[in-house]
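Observations on chain architecture
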Amino acid sequence: MEPMATRYDVDVEEIAELLSSQPSYRSRQVFDALYSGLRSPNEMTNLPKDLREELEVALPLALREEAKQVTDDGETTKWAYGLEGGSAIETVLMSYKQRVTVCVSTQAGCAMACSFCATGQAGFTRQLTTGEIVEQVVRAGREASPRRVSNVVFMGMGEPMANYEPMMEAVRRINGAIGISARKVTISTVGIVPGIKKLTEDPLPVNLAVSLHSANDRRRDELVPINKRYPLGMLADACSDYVEATHRRLSFEWALIDGVNDTDRDIDELAAYARPLKAHVNVIPLNPTPGYLVRGSSRERVNEFVLALNEQDVTTTVRATRGREIAAACGQLAAPVSITKKVDQS
Ligand code: SAH
């Protein structure tokens, strides 16, 4: 058998084609072992040994581990993976008492150019395939074992809605084949209105998070440049249709930046924007990135901001930061130059 596609890009029919000389139950057996069993072919001890070896070659992994860093007493792990063609991505695994969350990338780099985000500062390289997205979850799941991954957040590198079909096919496999509930999957978007509309039509009950960061068009244009194409009014309409059609709770992400989006006026603008949508606000204290020199708000200001919003009937919580020491926190994911170089030379 020749390598045909990567391990998590093929579907069960393609596995069946690969296994045409085998009994027909084999393809489903292999598919289930790859996804719900998180096993590689050479670990499928219920298959004949030569078949295991053949599958190992025919279904190669797509991601080459270039680096793995662990922090938070072993509770946070970040991988840097090299991809076919020389680009690189990062994936983060976070273990908590009640849940195990994987944060996946959907693109190598990002074209959205948000000024305060390290991925945006580095620019766009290429789209990920469905298999490259799914494999991040599988490999994190192997690391998490014997615990199982309970949540998947599409909050790594890239803009999920700008890679919509491969991203949603990955969600379907994460849900249908790996077995993670769609309600435990969150798609985060910078506010791509056509993507939100498509998600509204999709039967899978995933969660939607919108990276808002400002409820004022002038300021949001600067922080999140795609706001010029999909301004706040248009975004609110799409969010409102989404909430009405799906009855799911919407959340807004807001990285708190000192003097930029943490003023009393920001609180009022955000409250007025979020309240009619019954949105939950997730405040993220700004994480440092190389290309953005303004600091995050002080801890005191973060607390005041949260309190004031709650007083205005907007449920607001602070997202606990994980992995800052290894640049694994929100907005810090960027393929380190050393890895990109190494991959290019290979
Ligand atoms: N492109 C998608 C998915 C990325 S999610 C989106 O924008 O939603 C990553 C989250 O971290 C987004 O909410 C992003 O705005 C936020 N973020 C980016 N840079 C950050 C930083 N320096 N500190 C804290 N949060 C940041």
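Residues numbered from 1 in each chain as written. Predicted model: local features only at pLDDT ≥ 70, side-chain atom pairs only at ≥ 80, totals over all residues. Heavy atoms only, no water.

This part takes up the nonpolar core. If you look at soluble globular proteins, the nonpolar side chains tend to sit buried side by side. Of all hydrophobic cores here, the largest spans 108 residues; its most connected members are Phe154 and Phe252. Of all the elements, helix H6 (residues 164-178) adds the most residues to this core, at eight residues. No fewer than three residues from each of domain 1 (12-58) and domain 2 (64-345) sit in this core. (Core = buried A, V, L, I, M, F, W, Y, C linked by side-chain atoms within 4.5 Å. Buried < 20%, exposed > 50% of the residue type's maximum accessible area, 1.4 Å probe, protein only. Helix = DSSP H or I, 4+ residues; strand = E, 2+ residues; numbered from the N terminus. Domains from an automatic or database assignment.)

Under the domain assignment used here, the protein contains domain 1 (12-58) and domain 2 (64-345). The gap between the C-alpha centroids of domain 1 and domain 2 is 34 Å. On the domain 2 side, the residues contacting the eight residues of domain 1 number eight residues. Taking both partners together, domain 1 and domain 2 bury about 680 Å²; carbon and sulfur atoms supply 58% of that area. In this assembly, domain 1 and domain 2 are joined by one salt bridge. Measuring nitrogen to oxygen at the nearest pair gives 2.8 Å for the salt bridge that ties Glu43 to Arg142. At the boundary of domain 1 and domain 2, one finds three residue pairs in polar contact (both at pLDDT 80 or more). (Contact = heavy atoms within 4.5 Å. Buried area = accessible area lost by both parts, 1.4 Å probe. Salt bridge = Lys/Arg side-chain N within 4 Å of Asp/Glu carboxyl O. Polar contact = N/O pair within 3.5 Å; in protein donor to acceptor, adjacent residues only side chain to side chain.)

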